[in-house]
Amino acid sequence: MSLPSMNLSANAVDFIDEGHLHGLLSGEKPSAVRIREIISKSLNKEALSVEETAVLVRTDDPALHEEIFAAARQLKETVYGNRIVLFAPLYIGNDCINDCTYCAFKRSNFRAIRRTLTPEEVRLQVTALQDHGHKRLILVFGEHSRYDADFIAETVRNVYSVRSGHGEIRRVNINAAPLDVEGYRKVKDAGIGTYQIFMETYHHATYAAMHPGNTRKGNYLYRLDGLSRAFEAGCDDVGLGVLFGLYDWRFEVLAMVRHALYLQERFNVGPHTLSFPRLRPASGVKFDEKFFTTDAEFKRIIAILRLAVPYTGLILTAREKPELRRELMSFGVSQIDAGSRIELGGYTEAGDAQVMEREQFSLADIRSLDDVMCQLMSDGYVPSFCTSCYRSGRTGEHFMEFSIPGFIKRFCTPNALLTLQEYLMDYASPETRRVGEKLISEELERMEDGDMKQRTIKQLEEIKQRHVRDIYF
Ligand code: SF4
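Quick summary incoming for the structure in this document. Keep in mind that this is a model prediction, so the values were computed, not measured.

### As for the overall build of the protein chain
Then, number 1: The helix and strand inventory of the protein chain stands at 20 helices and nine strands.
Then, number 2: For the protein chain, whose C-alpha radius of gyration is 21 Å, the value lies close to the compact-globule estimate of 23 Å for 473 residues.
Then, number 3: With the principal axes as the frame, the protein chain shows a C-alpha extent of 60 × 55 × 40 Å.
Then, number 4: In the protein chain, buried positions account for 62% of the 473 residues.
Then, number 5: Carbon and sulfur atoms form 52% of the exposed surface of the protein chain, whose accessible area is close to 17,800 Å².
Then, number 6: Treating the 60 positive side-chain charges of the protein chain as one cloud and the 66 negative ones as another, the clouds have centres 1 Å apart.

### Some details on the site of the ligand
Then, number 1: For the ligand, the full set of nearby residues is C96, N98, C100, Y102, C103, F105, K106, K217 and Q360.
Then, number 2: With respect to the detected pockets, the ligand is housed in the largest cavity.

### So, helix 15 (residues 369-378)
Then, number 1: Burial of helix 15 is extensive: seven of the 10 residues sit out of reach of the surface.
Then, number 2: Those residues of helix 15 not exposed but buried are L369, D370, V372, M373, C374, L376 and M377.
Then, number 3: One or two steps after helix 15, the chain reaches G380, where phi turns positive at roughly 90 degrees.

### Some points on the pairing of strand 2 (residues 136-141)
Then, number 1: The buried count for strand 2 comes to six of six residues, which makes it a mostly enclosed element.
Then, number 2: On strand 2, burial covers both faces: R136, I138 and V140 on one face and L137, L139 and F141 on the other are all buried.
Then, number 3: By the bridge criterion, five bridges tie strand 1 (residues 83-93) to strand 2 in an arrangement that is parallel. Considered in strand 2, the bridge of P89 is made with I138.
Then, number 4: Read from strand 1 through helix 5 (residues 119-132) to strand 2, the crossover connection turns out right-handed.
Then, number 5: Pairing of strand 2 with strand 3 (residues 171-175) involves five bridges; the strand directions are parallel. Residue pairing in the sheet places L137 in a bridge with V172 of strand 3.
Then, number 6: Considered for its hand, the β-α-β crossover made up of strand 2, helix 6 (residues 149-161) and strand 3 is right-handed.

### Describing unusual backbone geometry
Then, number 1: Of note in this structure, N11 is not a glycine but carries a positive phi near 60 degrees.
Then, number 2: Its location among the elements puts N11 in the segment before helix 1 (18-24).
Then, number 3: In this structure, H467 is a non-glycine residue whose phi angle is positive, near 60 degrees.
Then, number 4: Checked against the element boundaries, H467 lands in the segment after helix 20 (451-466).

### What about the side chain of N175?
Then, number 1: Locating N175 in the fold gives a position in strand 3.
Then, number 2: The class for N175 is buried, based on a relative accessible area of 18%.
Then, number 3: A polar atom in the side chain of N175 sits 2.9 Å from the side chain of Q196.

### Considerations on the packing of helix 4 (residues 62-80) against helix 12 (residues 295-308)
Then, number 1: Between helix 4 and helix 12, the least distance of the axes is 9 Å, while the angle of their chain directions is 50 degrees. For the element pair helix 4 / helix 12, the angle class is oblique. For the element pair helix 4 and helix 12, the recorded crossing hand is left-handed. Contacts between helix 4 and helix 12 involve H65, I68, F69, A71, A72, L75, K76 and Y80 from the first element and K299, R300, A303, I304, R306 and L307 from the second.
Then, number 2: For the contact of helix 4 with helix 12, the per-class residue count stands at nine nonpolar, one polar and four charged.

### Focus on the packing of helix 3 (residues 50-58) against helix 11 (residues 249-267)
Then, number 1: Where helix 3 contacts helix 11, the axes come no closer than 10 Å and their chain directions differ by 155 degrees. By the angle class used here, helix 3 and helix 11 are roughly antiparallel. Our pair here, helix 3 against helix 11, has a crossing hand that is right-handed. Contact residues: V50, T53, A54 and V57 in helix 3; W249, R250, V253, L254, V257, R258 and L261 in helix 11.
Then, number 2: Of the residues belonging to the contact of helix 3 with helix 11, the class tally is eight nonpolar, one polar and two charged.

### Description of empty space enclosed by the protein
Then, number 1: A complete count under the given rule lists eight cavities of 30 Å³ or more for this structure.
Then, number 2: What the largest cavity holds in volume is close to 740 Å³.
Then, number 3: In this structure, the largest cavity is lined by 43 residues; those nearest its centre are Y91, V140, N175, F198 and Q360.
Then, number 4: Partitioned by chemical class, the residues of the lining of the largest cavity number 23 nonpolar, 11 polar and nine charged.

### Regarding the state of the cysteines
A covalent bond between the sulfur atoms of two cysteines is what we call a disulfide.
Then, number 1: In the structure shown here, the tally under the stated rule is zero disulfides.
Then, number 2: Cysteine C235 is unpaired, with the sulfur of C389 as its nearest cysteine sulfur at 18 Å.

### Some points on helix 3
Then, number 1: The element helix 3 is extensively covered by neighbouring structure, given that eight of its nine residues are classed as buried.
Then, number 2: For helix 3, the complete set of buried residues consists of V50, E52, T53, A54, V55, L56, V57 and R58.
Then, number 3: Looking at the packing, one finds that the buried side of helix 3 touches helix 1, helix 2 (32-43), helix 4, helix 11 and helix 12.

### Some points on the pairing of strand 5 (residues 237-241)
Then, number 1: Across the five residues of strand 5, five count as buried, placing the element largely inside the fold.
Then, number 2: Neither face of strand 5 is exposed, since D237, G239 and G241 on one face and V238 and L240 on the opposite face are all buried.
Then, number 3: As judged from the three bridges shared by strand 4 (residues 194-196) and strand 5, these two strands associate in the parallel manner. Note on strand 5: the bridge partner recorded for Q196 is G239.
Then, number 4: Relative to strand 6 (residues 273-275), strand 5 runs parallel, the two being bridged by three bridges. Across the sheet, L240 pairs through a bridge with L274, a residue of strand 6.
Then, number 5: The parallel pair strand 5 and strand 6, bridged by helix 11, forms a crossover whose chirality is right-handed.

Rules used in this analysis
Residues numbered from 1 in each chain as written. Predicted model: local features only at pLDDT ≥ 70, side-chain atom pairs only at ≥ 80, totals over all residues. Heavy atoms only, no water. Helix = DSSP H or I, 4+ residues; strand = E, 2+ residues; numbered from the N terminus. Rg over C-alpha atoms; globule rule 2.2 N^0.38 Å. Buried < 20%, exposed > 50% of the residue type's maximum accessible area, 1.4 Å probe, protein only. Areas by Shrake-Rupley, 256 points an atom, 1.4 Å probe, with all protein chains shown as cover. Lys, Arg positive; Asp, Glu negative; His and termini not counted. Charge placed at Lys NZ, Arg CZ, Asp CG, Glu CD. Near = heavy atom within 4 Å. 1 Å grid on protein atoms, 1.4 Å probe; cavity = no way out; pocket = protein on both sides within 12 Å on 5 of 7 lines; lining within 4 Å. Sits in = over half its atoms within 2 Å of the grid points. Pairing = 2+ DSSP bridges. Right-handed = clockwise from strand over helix to strand, strands pointing away. Polar contact = N/O pair within 3.5 Å; in protein donor to acceptor, adjacent residues only side chain to side chain. Axes fitted to C-alpha atoms, helices over the stretch in contact; angles between N-to-C directions. Parallel < 35°, antiparallel > 145°, perpendicular 65-115°, else oblique. Left-handed = near helix turned anticlockwise from the far one by under 90°. Contact = heavy atoms within 4.5 Å. Nonpolar A, V, L, I, M, F, W, Y, C, P; charged D, E, K, R; others polar. Points joined across faces, edges and corners; volume = space filled by probe spheres on them. Disulfide = S-S within 2.5 Å.

Right under this line is the structure:
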């Protein structure tokens, strides 16, 4: 058990130029003509520059906001269709050597109930998740020497080895502290999907205020460089994130886009996902609400990010209330968690009420996976547990080759329908099954006639009649 070295990647630089970003946020309000030029570039599936993103951020004209929302919906439909990918978080351990002011797991919060799941407890949690129908997980760790690369890799292998009935976890993502290049190689070899590191805030002074300098997380450049080291180690997919509410959302949106473009320029592949969690009540934490974002601003954040990075997945978590999540889905969200419990051991031990001392923050949506699935389908979305790109090697740079020309949509919907059919056969409540079977037949109606449609129909029958599982294109 050891903490990774603090070595940086070759040519690591602090690419966040605050003067430039703040400069882009001041000055004259952009014209409607300029806004529409930028929207049409996005609708042409071209990524936006930081400067162009700033133009969308700076308009305060409600009518133009509506045009941005409409464009985000259209782009989501074009690139991702109506599918929503589902996953669940699994907290493995909340020991932490850092003291982040906004987190219940900070070392100075003595009210937090500390726990690290044993390998057997991990298996019990994964079995419970599989028995609900989950196929994709994100494992979450505090920063501590006991959660080193070997421990994370061993935990990933343990998760993949669990089988319960037709259940299996087919993709394991990680949200943990930055590693060194050698550490990333170890977790990559264990078969991880995306490695997520949230910068929390890109604003240097705010970062220093939230992350004491005498803690590992207090090192801004080491964290900013974290995912560059992951790419250097050969990891395929990485995920960025900002904790909205710590600093001005306008600045953070530009900085996150800057980070995405920096990775694209340096490694010829951008982030696989962006996350935009908002501060939530947490045990032992007092917040300064100065930079809290309103729901209206939060909608703009998601729509603008959708337009800025057309090929990057957008993750909306259960930090948000069910009704708001329902509304935000259409603005470009491509992934959500569902049936989530974030207490350590929560999938077998948590009751209806959340226990704040066992959580990093409180959730606003603890509906069951089945309830979320049923609502998504009633709203016309196809819930998907698809992992075929990851398991067919369509990852990182290679994913881009597929996604940019629009091929991906041809794979996404058929694969989503296959994973949905599995869910309906093995886990759905009668009502969710009824809604799901109706949706599948409607989606088949919508599908272009031809080879892919025939193959999809044949595979759906294989799942229904011959109980075959885990089929994908
Ligand atoms: S945010 Fe992460 S690193 Fe910071 S105290 Fe919480 S668990 Fe530790």
